[in-house]
Amino acid sequence: MAKKFEITRGNAILNFSEEFCQSRCELVESESFSKVLEKFIKNQRRLETQLYIYLHERNADDFFLLGDLRSIFKLLLVLDAEQVCALRPEYAVYFEDLDMFVKLIEDIYLYWRKLQRYAIVFNDSKRSGYQSVQFADAQEEFEKLVLEVYRSMQRAVGKNDKVLRQITAGVNAGLTVTHLTTGLPDDYECLKDVPFIEQVVIHPPFITYSKRNKRDGVFPESRTNPVTDLTFNSDQWLCYPAKVGKLLCFVYFNTKFMAQGVTLCNLFELADESEYRHNKPDLVYVYGYEDGKKDQSFFQDDKNDMMVAKLSASDEFDYFGYMKKMCLTLHNVSNINHHKLPIHGAMIQMKLHDGSEKNIVVMGDSGAGKSETIEQIKAYGEAYIKDIKTIYDDMGCLSLVDGKVKTSGTEVGAFVRLDDLDAGYSFKELDRSVFMNPDKVNARIVIPITDYKDVIADHDVDIFLYANNYEAEGEALEFFDNEEDALKVFRAGNRMAKGTTTEYGLVGSYFANPFGPVQRKEQTEPLLQEFFHKMFEQGVQVGVLRTRLGIKGKEYDGPRTAAKTILHYVTGDDDLKELPEEQ
C-alpha cells in the first residue's frame, strides 16, 4: 500500500509507514487532512446543507475554498479567530457568522469519527513514516494529536467545553503487515505480492456498519478454479492468515471491505509467521473481488490439494456472515474429504464441583438457540460449575481417534445475535467486542471466547443434542433409544428461521449444515451413519433439546428452561442451588 491515505466505502486507511504526523501543524498540513477535508466538502455539496451554502457564498470555487480552509485551520493553531481576521483580512468573511464556523469545526470532526478508521504499518522495511515507536503507542499518540487539534480549534473560535469526552478519535484498528514468500503453488502467482497481516490492534468499542445484515443462500461448488486467472493490485488487498480449526486459510480481502477483514481477528486465530512463511495453505478465500459479477463459489483444487473460493465485490455480499461462512464451508468440505463429520453446533466442557465432567454438543442451524442456551447454562450453573469452557460456538467436527468419537472446533470467537443475548450482556463485553449494525434487526456481536489450544484439542463427547427451536410441546430434554430415530431428526435439520438469513418460517437443511454437508450430501451420508452408530455403540447420549427460540414469546424463556433442564440432568438436583450474593 504505497498511498499515504485513502478513503473508500466509508473507510479511512492511514499508512503510518508513509506518513505519521508528530505535531498539530504536521497534521493540518498533511495529505490525510486535505483528503478528509475534500471529502467532507463534497459530501456537504451532495447534501446541499446550510453549512455548504454559507461557505459557497464566500467562495464559489470548491478548489479555492479548500485552500482557504486549510490556511485558516493552520492559523487557528496559534491565533484566535479575531487575530486571524486581523492578520489575513481576506478570511474575515468566513467568520461573519461565528456560529457557522463553529459548526464547520464540529461537523468535520463528526464526519471524521463516522468513518471506519484504520492505520497500517509495514514491518518489512524502513520508510519515512513512524516506525521507531511501538505501533500501539503510535496509535495512542495519533489519537491525542487529533483531539489536540480539534480542541485547539474550538478554543480559537471561543468554544470552551467544560465537559471533555475522551472518545476514540484516532483509529478504530491498526494493522502491522509485511511482504513475504509463502508456499502458494505457482498456479496462484497472482496472489504472491499481497501483504500479510502480522498483528491487529483494536480500539473498542469497535462498531461496524455493512450494507447487509443477513446472509442468503448456499454457496455453490464450481467446476473451474475461480481464483487462478484473476489479477490483484497489492495496494488494494491484504491477507489475513487464519487458523480455521486445524487448517490454515489464507483470507485475501479487498481493503474496501476492511471491517469484514479486521473482524476476523475476533473469530479465527491469527497464524504466526512461522506457520505460513514458505508453507502452503489448506484453504484460500478471496473476498471482495471487483469483477462486476455476483460470484460466491468454491472449488476443490485436487492438483494442489487445496480448497479455494471467491466472493465478488457487491453490496449484496457486504456482511460478515459471507466472510465467516465461506471459510467454514471450505474447512468442512476439506474435513469431509478426510473422513471427518462437520457439526453445525456448539460445544461446552463442564467441570463440576463434585468432580464429574461433561462434554455437551448442541447441534442446529442458524438461530436454533445453541449459543443462547450455553450462555444460560453458564449463568444458572454457577453454584455447580467449577470450570466451563466453550470449545466451539458455531462449527466443529467429529473425528475418530483410535476408533473413539472425538470432537474439536474451528473458531476462537463467537458471532452472536445481540437480540438473543440477555439485556446488558453486550455492554459487559464492550471492551473486547466487535459490534455489527447495532441499530438494525439481526445486529451481531463478534467476541473472543476460547483459547486456540482448546479449540483444536480432541475432546470426548458425552451428550450430543439437536437444538429444536420450533416445537412448543414436549419435554425440554429427551434422549433417543436408537440411532434410526435420532438420524431422522438430525438429518432433517429443521428449525424455525429467525431472520438470521433471508429464510422465514419452518425450514430444513440436510444435517442442519448448509456449509459443506448440503453440497456434499452423498459423501456425507455414509459418515453420518457411521458416526451415529459409533456414538450409540460407545454410550454417547443422543437426544433433542427444545430451546423454543423460534416461538414468539419464548425467545428468552425457551433457552433459559433448556439450560436449566440440562443442569438438572447433569447435577441430579431437582431444585437448582444459587450462589449467595457477594457482600
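The structure we're discussing is the one just above.
Computed from a predicted structure; not experimentally measured.

(A) Up close: the overall build of the protein chain. Of the regular secondary structure elements, the protein chain holds 16 helices and 26 strands. Principal axes of the C-alpha set define a box for the protein chain whose edges measure 90 × 65 × 45 Å. For the protein chain, the proportion of its 583 residues judged to be buried stands at 57%. A fraction of 75% describes how many contacts in the protein chain between residues 6 or more apart in sequence connect residues 24 or more apart. Only carbon and sulfur atoms are counted for the fraction: they give 46% of the accessible area of the protein chain, which is about 24,700 Å². Distance between charge centroids for the protein chain: 2 Å, based on 71 positive and 93 negative side chains.

(B) Looking closely at the pattern of salt bridges. A complete count under the given rule lists 36 salt bridges for this structure. The residue Lys 3 makes a salt bridge to Glu 6 at a minimum N-O spacing of 3.7 Å. By relative accessible area, which is 46% here, Lys 3 ends up partly exposed. Among the salt bridges present, the one from Arg 546 reaches Glu 478, with a minimum N-O distance of 3.1 Å.

(C) The pairing of strand 26 (residues 541-546), seen in detail. A large share of strand 26 lies buried, amounting to five of its six residues. Pairing analysis gives six bridges linking strand 22 (residues 463-468) to strand 26, with the strands arranged parallel. Paired with Leu 465 across the bridge in strand 26 is Gly 543. When strand 23 (residues 477-479) meets strand 26, the two strands line up antiparallel, connected through three bridges. In the strand pairing of strand 26, Glu 478 is matched with Val 544.

(D) A look at the nonpolar core. The biggest cluster of nonpolar side chains holds 57 residues, and the ones touching the most others in it are Phe 73, Leu 76, Phe 95 and Phe 101. The element contributing the most residues to this core is helix 7 (residues 135-156), with 10 residues. Beyond its immediate sequence surroundings of up to four residues, Phe 101 is in contact with Ile 72, Phe 73, Leu 76, Tyr 94, Phe 95 and Val 157. Of all hydrophobic cores here, the second largest spans 48 residues; its members include Leu 247, Leu 283, Met 323 and Cys 327.

(E) Seen up close, helix 7. When the terminal C-alpha atoms of helix 7 are compared, their 32 Å separation across 22 residues agrees well with the 32 Å that a helix rising 1.5 Å per residue should span. With its phi angle positive at about 85 degrees, Gly 158 sits one or two positions after the end of helix 7.

(F) Layout of the sheet that holds strand 19 (residues 434-436). In space, the four strands of this open sheet follow the order 6-19-20-18, with mixed pairing throughout. Edge positions in the open sheet fall to strand 6 (206-208) and strand 18 (413-417), since each of these has one partner strand only. For this sheet, the mean inter-axis angle between neighbouring strands, taken without regard to orientation, is 20 degrees. Pairing analysis gives three bridges linking strand 19 to strand 20 (residues 444-448), with the strands arranged antiparallel. When the bridges of strand 20 are listed, Val 434 appears paired with Val 446.

(G) Region of interest: the packing of helix 3 (residues 50-58) against helix 6 (residues 98-114). Across the interface, helix 3 lies against helix 6 with an axial gap of 10 Å and an inter-helix angle of 120 degrees. Comparing their axes, helix 6 and helix 3 come out oblique. Our pair here, helix 3 against helix 6, has a crossing hand that is left-handed. Taking contact as the criterion, the partners of Gln 50, Leu 51, Tyr 54 and Leu 55 in helix 3 are, on helix 6, Met 100, Leu 104 and Asp 107. Classifying every residue of the contact of helix 3 with helix 6 gives five nonpolar, one polar and one charged.

Rules of the game
Residues numbered from 1 in each chain as written. Predicted model: local features only at pLDDT ≥ 70, side-chain atom pairs only at ≥ 80, totals over all residues. Heavy atoms only, no water. Helix = DSSP H or I, 4+ residues; strand = E, 2+ residues; numbered from the N terminus. Buried < 20%, exposed > 50% of the residue type's maximum accessible area, 1.4 Å probe, protein only. Contact = heavy atoms within 4.5 Å. Areas by Shrake-Rupley, 256 points an atom, 1.4 Å probe, with all protein chains shown as cover. Lys, Arg positive; Asp, Glu negative; His and termini not counted. Charge placed at Lys NZ, Arg CZ, Asp CG, Glu CD. Salt bridge = Lys/Arg side-chain N within 4 Å of Asp/Glu carboxyl O. Pairing = 2+ DSSP bridges. Core = buried A, V, L, I, M, F, W, Y, C linked by side-chain atoms within 4.5 Å. Expected span 1.5 Å × (residues − 1). Axes fitted to C-alpha atoms, helices over the stretch in contact; angles between N-to-C directions. Parallel < 35°, antiparallel > 145°, perpendicular 65-115°, else oblique. Left-handed = near helix turned anticlockwise from the far one by under 90°. Nonpolar A, V, L, I, M, F, W, Y, C, P; charged D, E, K, R; others polar.

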